[in-house]
Amino acid sequence: MVDTSLYAAFLVAAFVLCITPGPDMMFIVAIGGRGGPSTGVMAALGVASAMLVHAVAAALGLSALFLALPTLYHVLRWAGAAYLLFLAVKAFRDRSVPGVGEADGKAGPVRRRAFWRGAVTNLLNPKVILFNVSFLPQFVDPELGHVTVQLLILGMTITVMGFAVDGSIGLLSGRLSTVLRRSRRVARGLNIFSGTVFAGLAVRLAAAPK
């Protein structure tokens, strides 16, 4: 279904992209720092799930709408920035100890929130949509046919690879926070750090040109 040489080149390019620090990775670090190891992994899973949705949309040609409808792009961009700003405000106002949810009965809800926050943040990022539209087709060989299937294979590959990297980052940041949060002052600092990251990502998304 795919050209082996193109797929090999795709694996290299995708791996470089996945290990390069970016907004998603910073978001996962912030979530893991506040909630602990499993929360960081769940945030990464949410991001990966959204990436898969983007990949399917690109394969079906739906993402091309954003190239034809600039207004839709900007609406999504501002919605994403507003959501990140909302998370920033919550983090700045939070006086709880980061990660406490993993040690009590609130572990389930905390992890679910981390998953949905990761998914929503990624889904509302139009840059990810444009990335799929411009990046994935470069590794498709039209002569082999089944272009949609080729795009789906590429999309699933980068999704799995991204989750492996981001999940590891979320796990490590969460474990580090588990040690640091023993100090309430440091715990408060982690909340401020998370809020700063969310606010920075909101500004970055809002200010980014098409």
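Residues numbered from 1 in each chain as written. Predicted model: local features only at pLDDT ≥ 70, side-chain atom pairs only at ≥ 80, totals over all residues. Heavy atoms only, no water.

Asker: Just to check I follow, could you spell out the overall build of the protein for this structure?
Answerer: From N to C terminus, the protein includes nine helices and zero strands. In the protein, the succession of helices and strands from N to C terminus is α-α-α-α-α-α-α-α-α. Across the 210 residues of the protein, 46% fall into the buried class. In the protein, 87% of the contacts between residues at least 6 apart in sequence involve partners at least 24 apart. With the model as given, the accessible surface of the protein reaches about 10400 Å², and the carbon-plus-sulfur share is 72%. (Helix = DSSP H or I, 4+ residues; strand = E, 2+ residues; numbered from the N terminus. Buried < 20%, exposed > 50% of the residue type's maximum accessible area, 1.4 Å probe, protein only. Contact = heavy atoms within 4.5 Å. Areas by Shrake-Rupley, 256 points an atom, 1.4 Å probe, with all protein chains shown as cover.)

Asker: What exactly am I supposed to notice about unusual backbone geometry here?
Answerer: Trans peptide bonds make up the majority, and among non-glycine residues the majority have a negative phi. Even without glycine at this site, His 146 takes up a positive phi of about 50°. With respect to the helices and strands, the residue His 146 is situated in the loop between helix H7 (126-135) and helix H8 (147-180).

Asker: How do you make sense of helix H3 (residues 37-59) when you look at a structure like this?
Answerer: Two residues of an α-helix separated by three or four positions point the same way, owing to the 3.6 residues in each turn. Taking 1.5 Å of rise per residue, the 23 residues of H3 would be expected to cover 33 Å, and the 33 Å separating its terminal C-alpha atoms lies within 8% of that figure. Immediately downstream of H3, the backbone of Gly 61 shows phi near 85°, a positive value. (Expected span 1.5 Å × (residues − 1).)

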